[in-house]
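Residue-level structural notes
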Number of protein chains: 2
Amino acid sequence: MSDTPAGSYTRNARTTPTRDKDRADWDRDAVHAILDAGCLCHLGFVRDGAPVVLPTLYARVGGALYLHGSTGSRPLHAAREEQGLPVCVTVTHLDGLVLAKSAFHHSVNYRSVVAHGTAYQVTDPEELRTALDAIVEQAVPGRVADCRPPSAKELAATAVIRLELDQVSAKSRTGGVNDDPDDLGLPYWAGVVPVAPAYGEPVAAPHSDAELPGYLAGPAC
Amino acid sequence: MSDTPAGSYTRNARTTPTRDKDRADWDRDAVHAILDAGCLCHLGFVRDGAPVVLPTLYARVGGALYLHGSTGSRPLHAAREEQGLPVCVTVTHLDGLVLAKSAFHHSVNYRSVVAHGTAYQVTDPEELRTALDAIVEQAVPGRVADCRPPSAKELAATAVIRLELDQVSAKSRTGGVNDDPDDLGLPYWAGVVPVAPAYGEPVAAPHSDAELPGYLAGPAC
(Lines give C-alpha, C1' and ligand atoms only; values in the text may rest on other atoms or scores of the structure.)
Protein backbone atom coordinates (compact mmCIF):
# COMPACT_ATOMS: atom_id res chain seq x y z
CA MET A 1 0.00 0.00 0.00
CA SER A 2 1.26 3.44 -0.84
CA ASP A 3 -1.34 5.65 0.79
CA THR A 4 1.01 6.72 3.57
CA PRO A 5 1.56 10.46 3.32
CA ALA A 6 4.75 12.17 4.49
CA GLY A 7 4.70 12.91 8.23
CA SER A 8 2.72 9.74 8.87
CA TYR A 9 3.48 6.36 10.29
CA THR A 10 3.01 3.31 8.10
CA ARG A 11 -0.59 2.81 7.13
CA ASN A 12 -1.34 -0.82 6.37
CA ALA A 13 -3.57 -3.71 7.42
CA ARG A 14 -1.77 -4.12 10.71
CA THR A 15 -2.12 -0.49 11.75
CA THR A 16 -5.70 -0.07 10.56
CA PRO A 17 -8.42 -0.97 13.06
CA THR A 18 -11.24 -3.18 11.82
CA ARG A 19 -13.81 -1.00 13.53
CA ASP A 20 -14.27 2.75 13.86
CA LYS A 21 -11.66 3.45 11.17
CA ASP A 22 -12.71 7.09 11.21
CA ARG A 23 -11.24 7.35 14.70
CA ALA A 24 -7.78 6.26 13.53
CA ASP A 25 -4.85 8.57 12.82
CA TRP A 26 -1.34 7.87 11.56
CA ASP A 27 -0.04 11.44 11.71
CA ARG A 28 3.30 11.59 13.54
CA ASP A 29 2.49 14.70 15.50
CA ALA A 30 -0.86 13.30 16.61
CA VAL A 31 0.74 10.01 17.67
CA HIS A 32 3.57 11.77 19.50
CA ALA A 33 1.21 14.11 21.36
CA ILE A 34 -0.69 11.12 22.78
CA LEU A 35 2.51 9.32 23.74
CA ASP A 36 3.96 12.47 25.33
CA ALA A 37 0.91 12.94 27.55
CA GLY A 38 1.49 9.66 29.41
CA CYS A 39 4.17 7.74 31.26
CA LEU A 40 2.60 4.29 31.71
CA CYS A 41 2.23 1.84 28.84
CA HIS A 42 1.08 -1.74 28.48
CA LEU A 43 3.70 -4.00 26.88
CA GLY A 44 2.41 -7.08 25.08
CA PHE A 45 4.56 -10.01 24.00
CA VAL A 46 4.15 -13.72 23.34
CA ARG A 47 5.46 -16.35 25.74
CA ASP A 48 5.07 -20.04 24.97
CA GLY A 49 2.50 -19.09 22.34
CA ALA A 50 0.31 -17.15 24.76
CA PRO A 51 -0.09 -13.38 25.11
CA VAL A 52 1.33 -11.52 28.11
CA VAL A 53 0.52 -7.87 28.92
CA LEU A 54 2.52 -6.05 31.57
CA PRO A 55 2.42 -2.40 32.65
CA THR A 56 5.65 -0.43 32.63
CA LEU A 57 7.02 3.10 32.35
CA TYR A 58 8.18 4.53 29.05
CA ALA A 59 9.50 7.59 27.30
CA ARG A 60 9.43 8.75 23.70
CA VAL A 61 12.71 10.06 22.31
CA GLY A 62 12.33 11.17 18.71
CA GLY A 63 10.94 8.26 16.73
CA ALA A 64 11.57 5.61 19.38
CA LEU A 65 9.98 4.39 22.58
CA TYR A 66 12.11 3.33 25.54
CA LEU A 67 10.54 0.99 28.06
CA HIS A 68 11.78 0.43 31.56
CA GLY A 69 12.54 -3.15 32.50
CA SER A 70 14.62 -5.19 34.86
CA THR A 71 17.70 -7.18 33.95
CA GLY A 72 15.96 -10.27 35.33
CA SER A 73 12.53 -9.86 33.71
CA ARG A 74 11.18 -12.23 31.08
CA PRO A 75 10.78 -9.84 28.15
CA LEU A 76 14.24 -8.42 28.74
CA HIS A 77 15.84 -11.82 28.33
CA ALA A 78 14.21 -12.19 24.94
CA ALA A 79 14.95 -8.62 23.84
CA ARG A 80 18.62 -9.23 24.56
CA GLU A 81 18.83 -11.75 21.75
CA GLU A 82 19.89 -10.68 18.30
CA GLN A 83 16.45 -11.27 16.80
CA GLY A 84 14.76 -9.08 19.40
CA LEU A 85 11.30 -9.44 20.90
CA PRO A 86 8.10 -8.90 18.89
CA VAL A 87 5.97 -6.54 20.96
CA CYS A 88 2.87 -4.41 20.95
CA VAL A 89 3.04 -1.30 23.11
CA THR A 90 -0.22 0.48 23.91
CA VAL A 91 -0.77 3.81 25.64
CA THR A 92 -4.30 4.84 26.59
CA HIS A 93 -5.73 7.98 28.13
CA LEU A 94 -9.29 7.79 29.41
CA ASP A 95 -10.60 11.32 28.86
CA GLY A 96 -14.26 11.15 29.69
CA LEU A 97 -17.36 9.10 30.32
CA VAL A 98 -20.05 9.64 27.70
CA LEU A 99 -23.47 9.08 29.25
CA ALA A 100 -26.24 8.74 26.72
CA LYS A 101 -29.96 8.40 27.36
CA SER A 102 -29.77 4.79 26.19
CA ALA A 103 -27.40 2.23 27.72
CA PHE A 104 -26.44 1.25 24.16
CA HIS A 105 -24.95 4.63 23.28
CA HIS A 106 -22.82 4.94 26.41
CA SER A 107 -19.21 5.37 25.45
CA VAL A 108 -15.92 6.86 26.58
CA ASN A 109 -13.74 9.59 25.22
CA TYR A 110 -10.16 8.41 24.95
CA ARG A 111 -6.88 8.74 23.12
CA SER A 112 -4.73 5.68 22.45
CA VAL A 113 -1.65 4.67 20.51
CA VAL A 114 -0.87 1.12 19.47
CA ALA A 115 2.71 0.45 18.32
CA HIS A 116 3.78 -2.86 16.78
CA GLY A 117 7.34 -3.92 16.16
CA THR A 118 10.44 -5.64 17.46
CA ALA A 119 12.04 -4.43 20.67
CA TYR A 120 15.73 -4.68 21.47
CA GLN A 121 17.60 -4.25 24.69
CA VAL A 122 19.60 -1.04 24.86
CA THR A 123 23.25 -1.94 25.31
CA ASP A 124 25.06 1.29 24.46
CA PRO A 125 25.83 3.03 27.80
CA GLU A 126 25.18 6.51 26.40
CA GLU A 127 21.84 5.51 24.92
CA LEU A 128 20.92 3.75 28.16
CA ARG A 129 21.67 6.88 30.14
CA THR A 130 19.65 9.01 27.73
CA ALA A 131 16.75 6.58 27.86
CA LEU A 132 16.65 6.43 31.67
CA ASP A 133 16.78 10.21 31.90
CA ALA A 134 13.92 10.39 29.42
CA ILE A 135 11.82 7.90 31.41
CA VAL A 136 12.20 10.03 34.55
CA GLU A 137 11.46 13.21 32.59
CA GLN A 138 8.42 11.68 30.93
CA ALA A 139 6.83 11.16 34.35
CA VAL A 140 8.15 14.32 36.02
CA PRO A 141 9.49 16.93 33.58
CA GLY A 142 12.34 18.79 35.27
CA ARG A 143 13.29 16.04 37.69
CA VAL A 144 16.49 14.77 36.05
CA ALA A 145 18.31 18.02 36.84
CA ASP A 146 17.12 17.78 40.45
CA CYS A 147 18.30 14.33 41.61
CA ARG A 148 21.54 12.33 41.76
CA PRO A 149 22.41 10.84 38.34
CA PRO A 150 22.90 7.07 38.08
CA SER A 151 26.32 5.59 38.78
CA ALA A 152 27.93 3.14 36.38
CA LYS A 153 26.92 0.31 38.69
CA GLU A 154 23.31 1.50 38.79
CA LEU A 155 23.22 1.82 35.00
CA ALA A 156 24.45 -1.76 34.72
CA ALA A 157 21.64 -2.91 37.00
CA THR A 158 18.92 -1.32 34.88
CA ALA A 159 17.54 -2.59 31.61
CA VAL A 160 15.69 -0.71 28.92
CA ILE A 161 14.21 -1.89 25.65
CA ARG A 162 13.83 0.22 22.53
CA LEU A 163 11.03 0.06 19.99
CA GLU A 164 11.38 2.07 16.81
CA LEU A 165 8.07 3.72 15.97
CA ASP A 166 6.96 2.62 12.52
CA GLN A 167 3.90 0.35 12.60
CA VAL A 168 1.93 2.78 14.71
CA SER A 169 -1.54 4.25 14.81
CA ALA A 170 -3.53 6.46 17.11
CA LYS A 171 -7.21 6.18 17.84
CA SER A 172 -9.44 8.53 19.75
CA ARG A 173 -12.97 9.52 20.51
CA THR A 174 -13.81 13.09 21.41
CA GLY A 175 -16.98 15.11 21.62
CA GLY A 176 -20.44 14.63 22.97
CA VAL A 177 -23.31 12.21 23.14
CA ASN A 178 -24.82 10.47 20.11
CA ASP A 179 -28.37 9.65 21.12
CA ASP A 180 -31.02 8.17 18.87
CA PRO A 181 -33.68 10.73 17.83
CA ASP A 182 -36.38 8.70 19.58
CA ASP A 183 -34.48 8.91 22.89
CA LEU A 184 -33.85 12.66 23.00
CA GLY A 185 -36.85 13.40 25.21
CA LEU A 186 -36.18 10.70 27.80
CA PRO A 187 -35.92 12.10 31.34
CA TYR A 188 -32.33 10.94 32.03
CA TRP A 189 -29.26 13.13 32.36
CA ALA A 190 -26.99 12.91 29.32
CA GLY A 191 -23.60 14.41 28.78
CA VAL A 192 -19.87 13.97 29.18
CA VAL A 193 -18.01 13.65 32.45
CA PRO A 194 -14.34 14.53 31.87
CA VAL A 195 -11.77 12.27 33.54
CA ALA A 196 -8.08 13.01 33.99
CA PRO A 197 -5.31 11.94 36.33
CA ALA A 198 -4.62 14.43 39.08
CA TYR A 199 -1.90 14.82 41.67
CA GLY A 200 -2.77 14.61 45.34
CA GLU A 201 -0.91 16.39 48.13
CA PRO A 202 2.80 15.43 47.95
CA VAL A 203 4.10 13.56 51.00
CA ALA A 204 7.73 14.41 51.74
CA ALA A 205 10.01 11.60 52.92
CA PRO A 206 11.26 11.90 56.53
CA HIS A 207 14.78 12.51 55.20
CA SER A 208 13.67 15.29 52.85
CA ASP A 209 13.87 18.90 54.00
CA ALA A 210 13.99 20.58 50.60
CA GLU A 211 11.23 22.87 49.36
CA LEU A 212 8.59 21.20 47.21
CA PRO A 213 9.87 21.61 43.63
CA GLY A 214 7.91 23.81 41.26
CA TYR A 215 7.90 21.16 38.53
CA LEU A 216 5.43 19.12 40.60
CA ALA A 217 2.78 21.71 39.77
CA GLY A 218 2.52 20.39 36.20
CA PRO A 219 -0.23 18.09 34.91
CA ALA A 220 -0.14 14.49 36.14
CA CYS A 221 0.97 11.86 33.65
CA MET B 1 2.18 -27.16 42.65
CA SER B 2 -0.12 -27.33 45.65
CA ASP B 3 0.80 -24.15 47.47
CA THR B 4 -2.43 -22.38 46.51
CA PRO B 5 -4.42 -21.69 49.69
CA ALA B 6 -8.21 -21.50 49.76
CA GLY B 7 -9.50 -18.08 48.73
CA SER B 8 -6.61 -17.67 46.30
CA TYR B 9 -6.25 -17.82 42.56
CA THR B 10 -3.96 -20.42 41.05
CA ARG B 11 -0.36 -19.90 42.04
CA ASN B 12 2.03 -21.34 39.50
CA ALA B 13 4.89 -20.42 37.19
CA ARG B 14 2.58 -18.49 34.86
CA THR B 15 1.09 -16.35 37.60
CA THR B 16 4.33 -15.71 39.48
CA PRO B 17 6.38 -12.71 38.34
CA THR B 18 10.08 -13.29 37.78
CA ARG B 19 10.92 -10.07 39.60
CA ASP B 20 9.66 -8.44 42.79
CA LYS B 21 7.85 -11.61 43.84
CA ASP B 22 7.21 -10.00 47.22
CA ARG B 23 4.89 -7.57 45.49
CA ALA B 24 2.66 -10.35 44.14
CA ASP B 25 -0.65 -11.48 45.62
CA TRP B 26 -3.05 -14.26 44.61
CA ASP B 27 -5.71 -13.57 47.22
CA ARG B 28 -9.17 -13.37 45.62
CA ASP B 29 -10.32 -10.39 47.63
CA ALA B 30 -7.14 -8.47 46.87
CA VAL B 31 -7.42 -9.24 43.15
CA HIS B 32 -11.12 -8.33 43.06
CA ALA B 33 -10.57 -5.04 44.88
CA ILE B 34 -8.06 -3.94 42.23
CA LEU B 35 -10.34 -5.02 39.39
CA ASP B 36 -13.35 -3.30 40.96
CA ALA B 37 -11.51 0.01 41.24
CA GLY B 38 -11.14 0.36 37.46
CA CYS B 39 -13.16 0.21 34.26
CA LEU B 40 -10.48 0.20 31.55
CA CYS B 41 -8.33 -2.86 30.83
CA HIS B 42 -5.75 -3.78 28.24
CA LEU B 43 -6.61 -6.93 26.30
CA GLY B 44 -3.71 -8.89 24.82
CA PHE B 45 -4.05 -11.60 22.21
CA VAL B 46 -1.94 -13.13 19.44
CA ARG B 47 -2.63 -12.44 15.77
CA ASP B 48 -0.53 -14.06 13.06
CA GLY B 49 1.99 -14.95 15.75
CA ALA B 50 2.43 -11.36 16.96
CA PRO B 51 1.09 -9.74 20.11
CA VAL B 52 -1.74 -7.20 19.99
CA VAL B 53 -2.79 -5.05 22.96
CA LEU B 54 -6.03 -3.06 22.80
CA PRO B 55 -7.77 -0.99 25.46
CA THR B 56 -11.38 -1.75 26.27
CA LEU B 57 -13.97 -1.48 29.02
CA TYR B 58 -14.67 -4.35 31.38
CA ALA B 59 -16.62 -5.46 34.42
CA ARG B 60 -16.05 -8.15 37.01
CA VAL B 61 -19.07 -10.30 37.84
CA GLY B 62 -18.22 -12.88 40.49
CA GLY B 63 -15.25 -14.89 39.26
CA ALA B 64 -15.40 -13.69 35.66
CA LEU B 65 -14.40 -10.67 33.63
CA TYR B 66 -16.61 -9.37 30.84
CA LEU B 67 -14.94 -7.27 28.15
CA HIS B 68 -16.74 -4.96 25.79
CA GLY B 69 -16.15 -5.59 22.10
CA SER B 70 -17.74 -5.05 18.75
CA THR B 71 -19.30 -7.74 16.60
CA GLY B 72 -16.86 -6.77 13.86
CA SER B 73 -13.65 -6.61 15.85
CA ARG B 74 -10.78 -9.02 15.37
CA PRO B 75 -10.62 -10.62 18.82
CA LEU B 76 -14.38 -11.14 18.81
CA HIS B 77 -14.21 -13.19 15.63
CA ALA B 78 -11.73 -15.53 17.28
CA ALA B 79 -13.57 -15.69 20.61
CA ARG B 80 -16.68 -16.79 18.75
CA GLU B 81 -15.02 -20.05 17.78
CA GLU B 82 -15.45 -23.11 19.94
CA GLN B 83 -11.82 -23.13 21.05
CA GLY B 84 -11.99 -19.54 22.25
CA LEU B 85 -9.27 -16.90 22.21
CA PRO B 86 -6.18 -17.11 24.45
CA VAL B 87 -5.89 -13.73 26.13
CA CYS B 88 -4.10 -11.78 28.81
CA VAL B 89 -6.15 -9.04 30.46
CA THR B 90 -4.29 -6.45 32.51
CA VAL B 91 -5.70 -3.71 34.73
CA THR B 92 -3.34 -1.11 36.17
CA HIS B 93 -3.84 1.78 38.57
CA LEU B 94 -1.04 4.31 38.83
CA ASP B 95 -1.24 5.48 42.44
CA GLY B 96 1.79 7.67 42.94
CA LEU B 97 5.14 8.91 41.74
CA VAL B 98 7.97 7.95 44.08
CA LEU B 99 10.72 10.54 43.86
CA ALA B 100 13.99 9.44 45.46
CA LYS B 101 17.16 11.46 45.90
CA SER B 102 18.83 9.26 43.27
CA ALA B 103 17.42 8.79 39.77
CA PHE B 104 17.99 5.05 40.24
CA HIS B 105 15.53 4.71 43.12
CA HIS B 106 12.71 6.58 41.42
CA SER B 107 9.66 4.37 41.22
CA VAL B 108 5.88 4.40 41.09
CA ASN B 109 3.21 3.15 43.43
CA TYR B 110 0.68 1.06 41.57
CA ARG B 111 -1.79 -1.81 41.73
CA SER B 112 -2.18 -4.20 38.84
CA VAL B 113 -3.88 -7.46 37.99
CA VAL B 114 -2.79 -9.78 35.19
CA ALA B 115 -5.30 -12.47 34.15
CA HIS B 116 -4.40 -15.25 31.72
CA GLY B 117 -6.87 -17.61 30.12
CA THR B 118 -9.18 -18.32 27.22
CA ALA B 119 -11.95 -15.87 26.39
CA TYR B 120 -15.26 -16.82 24.80
CA GLN B 121 -17.93 -14.70 23.23
CA VAL B 122 -21.06 -14.42 25.34
CA THR B 123 -23.96 -15.86 23.36
CA ASP B 124 -26.66 -16.34 25.99
CA PRO B 125 -28.97 -13.28 25.79
CA GLU B 126 -29.50 -13.13 29.56
CA GLU B 127 -25.77 -13.31 30.28
CA LEU B 128 -25.11 -10.69 27.60
CA ARG B 129 -27.63 -8.34 29.19
CA THR B 130 -26.13 -8.91 32.63
CA ALA B 131 -22.63 -8.32 31.29
CA LEU B 132 -23.53 -5.08 29.51
CA ASP B 133 -25.29 -3.77 32.59
CA ALA B 134 -22.21 -4.63 34.64
CA ILE B 135 -19.89 -2.83 32.21
CA VAL B 136 -21.97 0.36 32.53
CA GLU B 137 -22.15 -0.03 36.33
CA GLN B 138 -18.40 -0.64 36.59
CA ALA B 139 -17.76 2.79 35.06
CA VAL B 140 -20.68 4.64 36.66
CA PRO B 141 -22.28 2.79 39.59
CA GLY B 142 -25.98 3.59 39.66
CA ARG B 143 -26.31 4.43 35.97
CA VAL B 144 -28.11 1.30 34.73
CA ALA B 145 -31.25 2.21 36.66
CA ASP B 146 -31.10 5.71 35.17
CA CYS B 147 -31.00 5.16 31.40
CA ARG B 148 -32.98 3.29 28.74
CA PRO B 149 -32.19 -0.45 28.73
CA PRO B 150 -30.95 -2.03 25.51
CA SER B 151 -33.46 -3.32 22.99
CA ALA B 152 -33.18 -6.81 21.50
CA LYS B 153 -31.73 -5.27 18.35
CA GLU B 154 -29.13 -3.30 20.33
CA LEU B 155 -28.14 -6.41 22.29
CA ALA B 156 -27.64 -8.28 19.04
CA ALA B 157 -25.36 -5.50 17.81
CA THR B 158 -23.08 -5.66 20.85
CA ALA B 159 -20.48 -8.28 21.59
CA VAL B 160 -18.93 -9.21 24.90
CA ILE B 161 -16.26 -11.76 25.74
CA ARG B 162 -15.96 -13.61 29.03
CA LEU B 163 -12.78 -14.65 30.79
CA GLU B 164 -13.06 -16.89 33.82
CA LEU B 165 -10.66 -15.69 36.50
CA ASP B 166 -8.30 -18.52 37.41
CA GLN B 167 -4.72 -17.87 36.28
CA VAL B 168 -4.61 -14.49 37.96
CA SER B 169 -2.25 -12.49 40.11
CA ALA B 170 -2.09 -9.02 41.54
CA LYS B 171 1.03 -6.94 41.98
CA SER B 172 1.44 -3.66 43.76
CA ARG B 173 3.88 -1.20 45.23
CA THR B 174 2.86 1.00 48.12
CA GLY B 175 4.69 3.15 50.62
CA GLY B 176 7.52 5.61 50.57
CA VAL B 177 10.97 6.24 49.19
CA ASN B 178 13.83 3.74 49.44
CA ASP B 179 16.96 5.85 49.29
CA ASP B 180 20.52 4.60 49.74
CA PRO B 181 22.03 5.61 53.11
CA ASP B 182 24.74 7.63 51.33
CA ASP B 183 22.08 9.71 49.55
CA LEU B 184 19.93 10.69 52.52
CA GLY B 185 21.62 14.06 53.00
CA LEU B 186 21.45 15.18 49.37
CA PRO B 187 19.65 18.50 48.91
CA TYR B 188 16.84 17.22 46.65
CA TRP B 189 13.18 16.89 47.54
CA ALA B 190 12.17 13.26 48.07
CA GLY B 191 8.73 11.84 48.66
CA VAL B 192 5.59 10.47 47.10
CA VAL B 193 3.21 12.39 44.86
CA PRO B 194 -0.17 10.62 44.86
CA VAL B 195 -1.90 10.26 41.50
CA ALA B 196 -5.52 9.31 40.92
CA PRO B 197 -8.11 9.83 38.20
CA ALA B 198 -10.51 12.65 38.92
CA TYR B 199 -13.74 13.85 37.36
CA GLY B 200 -13.90 17.27 35.82
CA GLU B 201 -17.03 19.39 35.59
CA PRO B 202 -19.78 17.39 33.80
CA VAL B 203 -20.95 18.88 30.49
CA ALA B 204 -24.66 18.25 29.88
CA ALA B 205 -25.76 17.45 26.34
CA PRO B 206 -27.94 20.08 24.67
CA HIS B 207 -30.90 17.67 24.79
CA SER B 208 -30.46 16.99 28.52
CA ASP B 209 -32.47 19.02 31.01
CA ALA B 210 -32.36 16.55 33.94
CA GLU B 211 -30.61 17.36 37.19
CA LEU B 212 -27.02 16.12 37.46
CA PRO B 213 -27.33 12.64 39.04
CA GLY B 214 -25.90 12.12 42.50
CA TYR B 215 -24.03 8.99 41.44
CA LEU B 216 -21.61 11.16 39.46
CA ALA B 217 -20.18 12.36 42.77
CA GLY B 218 -18.39 9.01 43.30
CA PRO B 219 -14.70 8.39 42.68
CA ALA B 220 -13.60 8.28 39.03
CA CYS B 221 -12.76 4.88 37.58
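Residues numbered from 1 in each chain as written. Chains lettered and ligands numbered in written order. Predicted model: local features only at pLDDT ≥ 70, side-chain atom pairs only at ≥ 80, totals over all residues. Heavy atoms only, no water.

- Taking an unreviewed UniProt entry as the reference, chain A is identified by name as Flavin-nucleotide-binding protein belonging to Kitasatospora cheerisanensis KCTC 2395.

**Quick notes on the relation of the copies chain B and chain A**
- Note on the copies: chain B fits chain A at an RMSD of 0.0 Å, the axial shift is 0.0 Å, and the rotation between them is 180 degrees. One copy is carried onto the other by what is essentially a two-fold rotation axis. The C-alpha atom lying nearest the rotation axis in chain B is that of P197 of chain B; the distance is 2.0 Å.
- When the interface residues of chain B are mapped onto chain A, 100% of them again lie at the interface, so the same face is used by both copies. (Least-squares fit on C-alpha atoms with pLDDT ≥ 70 in both. Contact = heavy atoms within 4.5 Å.)

**Some thoughts on the interface of chain B and chain A**
- Taken together, the contacts link 89 residues of chain B with 89 residues of chain A.
- Counting each side, the surface lost to burial between chain B and chain A is near 7000 Å², with a carbon and sulfur contribution of 66%.
- Between chain B and chain A we count 3 salt bridges in total.
- A salt bridge links D180 of chain B to R148 of chain A; the nearest nitrogen and oxygen atoms lie 4.0 Å apart.
- Applying the counting criterion to the chain B and chain A interface returns 31 residue pairs in polar contact (both at pLDDT 80 or more).
- Taken together, the elements giving at least two residues each to the side of chain B that touches chain A come down to strand 2 (40–47), strand 3 (50–61), strand 4 (64–70), strand 5 (85–99), strand 6 (107–121), helix 3 (125–139), strand 9 (191–199) and strand 10 (203–204) of chain B.
- Ranked by residues supplied to the side of chain B that touches chain A, first place goes to strand 9 of chain B with 9 residues. (Buried area = accessible area lost by both parts, 1.4 Å probe. Salt bridge = Lys/Arg side-chain N within 4 Å of Asp/Glu carboxyl O. Polar contact = N/O pair within 3.5 Å; in protein donor to acceptor, adjacent residues only side chain to side chain. Helix = DSSP H or I, 4+ residues; strand = E, 2+ residues; numbered from the N terminus.)

**What to know about the state of the cysteines**
Residues and elements named next belong to chain A.
- Applying the stated criterion across every chain yields a total of 2 disulfides over all chains.
- Sulfur-sulfur distance for the disulfide between C39 and C221 comes to 2.0 Å. You can see C39 sitting in the loop between helix 1 (28–36) and strand 2 (40–47) and its partner C221 sitting in the segment after strand 10 (203–204), a full 182 residues away along the chain. In this pair, the class of C39 matches that of C221, namely buried.
- Left without a disulfide partner, C41 is nearest to the cysteine sulfur of C39, which lies 9.4 Å away.
- Residue C41 is classed as buried on the basis of its relative accessible area of 0%.
- Just so you know, C88 is unpaired, no disulfide at all, and the nearest cysteine sulfur is the one on C41, 10 Å from it.
- According to the relative accessible area criterion, C88 is buried, its value standing at 0%. (Disulfide = S-S within 2.5 Å. Buried < 20%, exposed > 50% of the residue type's maximum accessible area, 1.4 Å probe, protein only.)

**Considering the pattern of salt bridges**
- Scanning the model with the defined rule gives 16 salt bridges over all chains in all.
- In this structure, D133 of chain A and R129 of chain A form a salt bridge, with 4.0 Å as the shortest nitrogen-oxygen distance. In this pair, D133 of chain A and R129 of chain A both sit in helix 3 (residues 125–139), 4 residues apart, roughly one turn of the helix.
- The residue E164 of chain B makes a salt bridge to R162 of chain B at a minimum N-O spacing of 3.4 Å.
- Through salt bridges with shared partners, a single network forms among R148 and E154 of chain A together with D180 and D183 of chain B.

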